[in-house]
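Letter by letter, the chains look like this.
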Amino acid sequence: MELGGQIKRYRTRLGLSQEELADRIFVTRQSVSNWENGRTYPDLQSLLRLSDLFGLSLDELIKGDIETMKEEINRLEIQKMNRWGGILALLMLTLMLLPAPLLKLLDTAGFLLVMAPLFLVGMAVALKVEKIKKDNDVHTYKEILAFSEGRRLDELDKAVEKGKRPYQALVAALSSALLALLAAGGIALMYIAFRYLTRS
């Protein structure tokens, strides 16, 4: 990482300590130390202040680090996608397994009081995952799989996957509708069976 060396080089050229530099650009001394040691990157605001203080363009300040920064941003996006995807999978599993025990333990109102918030949280998480997918231009299963592994498809594979998107969107919509219908039917059947068994 060259940026840390650049910051240190220009800081010492100006005869500033880490603390003095931190004061001038409105950050902590620890932040400057982390930048110079390559542990973290400055945010955009700090980069602008540094380039202004050092009398450099942003290009001159971050030369050589642009690719590293892109990789870091990509790594963070992958972590975010995997984390939210895991939460979504856990919520979906919970929503599939919880209805029967809840119906057995609670009445209808109690069942709805537990399931409705879980469903709403699941929808919010699903929207978050969709936003991450849209922001990173990954839509098909192959694109998502490659992205979650930290890879990008080459141009030919990307074009093939882009051609599949309309069909996959239709299949996904039909599959979702079918799954929702099956889930609703299953919950309704469990409810009817529970009511029938509790009457006897």
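Residues numbered from 1 in each chain as written. Predicted model: local features only at pLDDT ≥ 70, side-chain atom pairs only at ≥ 80, totals over all residues. Heavy atoms only, no water.

K.L.:
Go over the pattern of salt bridges with me, naming the residues and quoting the values.
P.N.:
All told, the structure shown has three salt bridges when counted by the stated rule. A salt bridge links Glu 36 to Arg 11, with the nearest nitrogen and oxygen atoms 2.6 Å apart. Residue Glu 36 is found in helix α3 (residues 29–36), and its partner Arg 11 is found in helix α1 (residues 3–13); the two are separated by 25 residues along the sequence. Given a relative accessible area of 11%, Glu 36 falls into the buried group. Glu 77 is the salt-bridge partner of Lys 80, the closest N and O atoms lying 3.1 Å from each other. (Salt bridge = Lys/Arg side-chain N within 4 Å of Asp/Glu carboxyl O. Helix = DSSP H or I, 4+ residues; strand = E, 2+ residues; numbered from the N terminus. Buried < 20%, exposed > 50% of the residue type's maximum accessible area, 1.4 Å probe, protein only.)

K.L.:
Describe the packing of helix α2 (residues 18–25) against helix α4 (residues 44–54), with residues and values.
P.N.:
Packed helices, taken two at a time, are described by their axes: the angle between them and the distance between them. Where α2 meets α4, the axes come as close as 10 Å, and the angle between the chain directions of the two elements is 110 degrees. Relative to α4, the element α2 lies roughly perpendicular. By crossing handedness, the relation of α2 to α4 is classed as right-handed. Here Leu 21, Arg 24 and Ile 25 of α2 lie close against α4, whose contacting residues are Arg 49, Leu 50, Leu 53 and Phe 54. Grouping the constituent residues of the contact of α2 with α4 by class yields five nonpolar, no polar and two charged. (Axes fitted to C-alpha atoms, helices over the stretch in contact; angles between N-to-C directions. Parallel < 35°, antiparallel > 145°, perpendicular 65-115°, else oblique. Left-handed = near helix turned anticlockwise from the far one by under 90°. Contact = heavy atoms within 4.5 Å. Nonpolar A, V, L, I, M, F, W, Y, C, P; charged D, E, K, R; others polar.)

K.L.:
Run through the packing of α1 against α4, naming residues and quoting values.
P.N.:
Direction vectors running N to C along α1 and α4 enclose 40 degrees, while the axes themselves pass 11 Å from each other. Looking at the two axes, α1 sits oblique to α4. As for how α1 packs across α4, the hand of that crossing is left-handed. Of the residues in α4, those touching α1 at Leu 3, Ile 7, Tyr 10 and Arg 11 are Leu 47, Leu 50 and Phe 54. Of the residues in the contact of α1 with α4, the class split is six nonpolar, no polar and one charged.

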